[in-house]
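Chain and residue survey
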Amino acid sequence: MLRTYILLGFTFLFFHLHTTGDISKYINMRYSYLSFSAIFIFAFLTIVQFRIANRKENGHHCHDETCCHHHEEDQPKWKKALNYFVFIFPIASALFLPIATLDSEIVKAKGFRIPGFETESADPFGQRQFLRPDTSIYYGKEGYKDLMRKELAVFAKQSRLVLNDNNYLKAMETIYQFPGQFSDKEIEFDGFVYHDKTTNSQQLFVLRFGIIHCVADSGVFGLLTEFPENPHLKNDEWIHVKGKLSTIYFQPFNVTIPYVQVKEWHTIKAPEEPYVFRGYD
Amino acid sequence: MIKSFLQLNTIFISILIESLPFVLIGVFISGIIQMFVTEEMIEKWVPKNKILAVLYATLIGALFPACECGIVPITRRLVAKGVPLYAAIPFMLTGPIINPIVLFSTFIAFGSSLKMVLCRSIFALAVAILIGLLLAVQYKDDQLRKKEVISSSMPKTLKEKWMGTLEHSIDEFFSSGKYLIIGAFVASAMQTYIKTSTLLAIGHGKMSSSLVMMALAFVLSLCSEADAFIASSFQNTFSFGALAAFLVYGPMIDIKNTLMLLQSFKTRFVIVLIAYITIFVFVGSLFI
């Protein structure tokens, strides 16, 4: 009977995530049809399991070796209990524990460094998906260059870059790819504040978590910003910045990176949708 | 502490949400095979020529959709029924890797790109064929722990077969889902608590990063329908070759698989098999 409840639990969990919309805090909605169909499969299996359990209780014990090859009944009780606990745990923790939003704590845990600009870097292990989105792994070398050129054409035309949820990752990738092309361009975007121990009092990183499929494959992307004076901001405060793009030689990482000379800024409420997603078309 | 546990939990649940639909498809197909495909059907087609048999079995394995947890009992049954070891083992090795569901989930997990899908399939085929050829030379007998008389009485009516399929699917869900949940939890704990720099320190060179990912694949014991999602979460940390090693090594051999193999085959043989898989996957990953 416990199995029926567990299957019912999973059915309810997937149903709940979809109806409340919380699912978007876990996965890229582009793949939501998969988990949506899971609701129906789980519901169906619940009914089947319920019938099987009933049949067994009524004494029609399955006499066929091929369908009863898992000798559940032979296991000691504590082992069975532990077995089912493994299934109950994620259902309970997903329903009752609050959903955490990835923040500066995770940035610290994941480590933080800025990759060099050359995509065909000699050290493939040095490529980290922090700050600069790098999707080159998904495309062939040539395909990737074509794609970047196409995106450069789109963004370079605009005299002012206004980043939103949809173009954030693409724009960041293009800026890091061709920093020179964007010098002196105006930029406007949102993000949360991250103070690295290498930044001075006027500098901070403005970042957002980008998600490819689910929270587990997230990376943090954004730009170094420099304020005219110490803005007294704390980690994880969300701000809107307006400023001019430029490049700077960033001593701690021994590399020249794009950065924003902030002209205007104000704090904002954490957005409804803290993550940005990237589609691959 | 509490905050980081909540973040761990969020990552953990997100891995499950992504991978459970694939596990469901997997267990259902495994149930259909259990009920509708007989060992005799496959066995009839094993060629007499050893090399042909290895190639043929590898191909059958590639067409045969099964989870690595479901394929060990099937392999044992095949061997007991007279399918030579050198054909049954390559079948077991490619079955969980090269099949539509696993390749589709790999495709999705790696950003709808074919690169990893192709790499994973070719790598797995090469390893399976090499091991099959080695076994053909090395072993004459079946290496089973004990001969058993198997009475596989298949249900007769179609209704019974479908009911059996569903029942098997649920059994399979509960036996393989357990390892998926534990694996997802370990993976998210590592993401939350182990600093990337620590992982990088272990897996910095090409060789050690392949070894780290192979060890991880062994310990996590993920279902091949879902492991691509875990692998893609390590994209930031490990090289492409090391991830390919993870995706080929894990479905071929891991903790739960080893336990199942030890129940069916002689210990010496299992050790030799694990050694072969380890060496071939490791060397192969260095060339990617």
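Within every chain, residues take consecutive numbers counted from 1 along the sequence as written. By the order in which they are written, chains take letters starting at A while ligands take numbers starting at 1. Local features in this predicted model are restricted to residues of pLDDT 70 or higher, and side-chain atom pairs are both shown and tallied only at a pLDDT of 80 or more, whereas totals for entire chains, interfaces and linings draw on every residue. The side-chain values count all of the structure's non-hydrogen atoms but skip hydrogen atoms and water molecules.

**Focus: the environment of H168 of chain B**
Note the threshold: In this text, helices come from DSSP runs of H or I with a minimum length of four residues, and strands from runs of E with a minimum of two, each type numbered from the N-terminal end.
Relative to the assigned elements, H168 of chain B resides in helix α8 (residues 158–193). On a C-alpha basis, the gap between H168 of chain B and V27 of chain B in space is 7.8 Å, while along the polypeptide they are 141 residues apart.

**Structural notes on the UniProt feature "transmembrane region" (unreviewed entry) in chain B**
What counts, and what does not: UniProt positions are given in the numbering used here, feature names are shortened, and annotations may be inferred rather than shown by experiment.
Under the local residue numbering, the UniProt record ascribes the feature "transmembrane region" (unreviewed entry) to residues 12–33, 53–74, 86–110, 122–139, 211–231, 237–255 and 267–287 of chain B. The span residues 122–139 of chain B is 94% helical and 0% strand by assignment, and the distance between its end C-alpha atoms comes to 26 Å.

**Topic: the packing of aromatic side chains**
To describe a pair of aromatic rings, one takes the distance between the centres and the angle between the planes. Threshold: Ring geometry is summarised as follows: Phe, Tyr and Trp rings, the Trp one being its six-membered ring, pair when their centres sit within 6.5 Å, and such pairs are stacked at plane angles under 30 degrees, edge-to-face over 60 and tilted between the two. Whether a residue is buried, partly exposed or exposed follows from its accessible area with a 1.4 Å probe, protein chains only, as a fraction of its type maximum: under 20%, in between, or over 50%, in that order. Should the NZ of a Lys or the CZ of an Arg lie within 6 Å of a ring centre and within 35 degrees of the ring normal, that charge is described as sitting over the ring.
Within the structure shown, the criterion is met by 19 aromatic pairs over all chains. Residues F87 of chain A and F173 of chain B carry aromatic rings whose centres are separated by 5.9 Å and whose planes lie at 45° to one another, so their mutual orientation is tilted. With F87 of chain A in helix α3 (residues 77–96) and F173 of chain B in helix α8, this residue pair bridges two chains. Residue classification places F87 of chain A among the buried positions, given a relative accessible area of 1%. F173 of chain B gets classed as buried once you look at its relative accessible area, which sits at 1%. One aromatic cluster is present, built from ring pairs that chain together F10, F14, F42, Y84 and F87 of chain A together with F173 and F174 of chain B. We note R208 of chain A situated over the ring of Y168 of chain A; from NZ or CZ to the ring centre the distance is 5.7 Å.

**Re the confidence of the model for chain A**
Residues and elements named next belong to chain A. Quick reminder of the rule: Per residue, pLDDT captures the predictor's confidence, and it can take any value from 0 to 100. Contacts are assigned to residue pairs with any non-hydrogen atoms lying within 4.5 Å of each other.
Confidence along chain A averages 76 in pLDDT terms, with 77% of residues attaining 70 or more. Mean pLDDT values for the elements of chain A range from 69 in helix α5 (residues 141–157) up to 92 in helix α1 (residues 2–20). Residue range residues 62–72 is modelled with pLDDT below 50. Its contacts to residues more than four positions away, or to other chains, number 22 contacts. Below a pLDDT of 50 lies the segment residues 113–129, which in the model reaches 50 contacts outside its immediate sequence neighbourhood of four places, other chains included.

**A few points about the packing of helix α3 (residues 50–63) of chain B against helix α5 (residues 85–94) of chain B**
Residue and element names in this part refer to chain B. Short version of the rule: Note on geometry: axes are C-alpha line fits, over the in-contact stretch for helices, and angles between N-to-C directions span 0 to 180 degrees. Note on terminology: angles under 35 degrees are roughly parallel, angles over 145 are roughly antiparallel, angles of 65 to 115 are roughly perpendicular, and the others are oblique. If you view the pair so one helix is near and one far, a crossing is left-handed when the near helix is turned anticlockwise from the far one by less than a right angle, and right-handed when it is turned clockwise. Residues are sorted three ways: Asp, Glu, Lys and Arg are charged, Ala, Val, Leu, Ile, Met, Phe, Trp, Tyr, Cys and Pro are nonpolar, and all the rest, Gly among them, are polar.
Where α3 meets α5, the axes come as close as 7 Å, and the angle between the chain directions of the two elements is 25°. Taken together, the axes of α3 and α5 lie roughly parallel to each other. The chirality of how α3 crosses α5 is right-handed. Here α3 contributes K50, A53, V54, A57, T58, I60, G61 and A62 to the contact with α5, which in turn contributes Y86, A87, P90, F91 and T94. For the contact of α3 with α5, the class distribution of residues is nine nonpolar, three polar and one charged.

**Brief notes about the nonpolar core**
Worth spelling out the cut-off: The definition of a nonpolar core used throughout is a set of buried Ala, Val, Leu, Ile, Met, Phe, Trp, Tyr and Cys residues joined through side-chain atoms within 4.5 Å. Note: domain ranges come from an automatic or database domain assignment.
Counting residues in each nonpolar core, the largest one holds 134 residues, and the members touching the most others are F10 and F42 of chain A together with I89, I131, F173, I277 and V281 of chain B. Counting residues per element, this core draws most heavily on helix α1 (residues 2–36) of chain B, which supplies 11 residues. Three or more residues apiece are contributed to this core by two domains, here domain 1 (2–96) and domain 2 (104–277) of chain A. Once you skip the residues sitting within four places of it in the chain, I277 of chain B turns out to touch L93, I131, Y249, M252 and I253 of chain B.

**Re a nonpolar patch on the surface**
Residues and elements named next belong to chain A. Quick note on the threshold: Only residues above 30% relative accessible area that lack a salt bridge enter a patch, with like-charged residues linked at up to 9 Å and the nonpolar side chains Val, Leu, Ile, Met, Phe, Trp and Tyr linked at up to 5 Å. Only the protein chains shown count as cover for residues, with accessible areas throughout obtained via the Shrake-Rupley method and a probe of 1.4 Å. When a carboxyl oxygen of Asp or Glu lies within 4 Å of a side-chain nitrogen of Lys or Arg, that pair is called a salt bridge.
Residues M1, L2, Y5, L8, F50 and I88 make up a contiguous nonpolar surface patch of roughly 570 Å² in combined accessible area. Here the nonpolar patch takes three residues from α1, the largest share from any one element. Among the secondary structure elements, L2 is positioned in helix α1. Residue class for L2 comes out partly exposed when judged on its relative accessible area of 42%.

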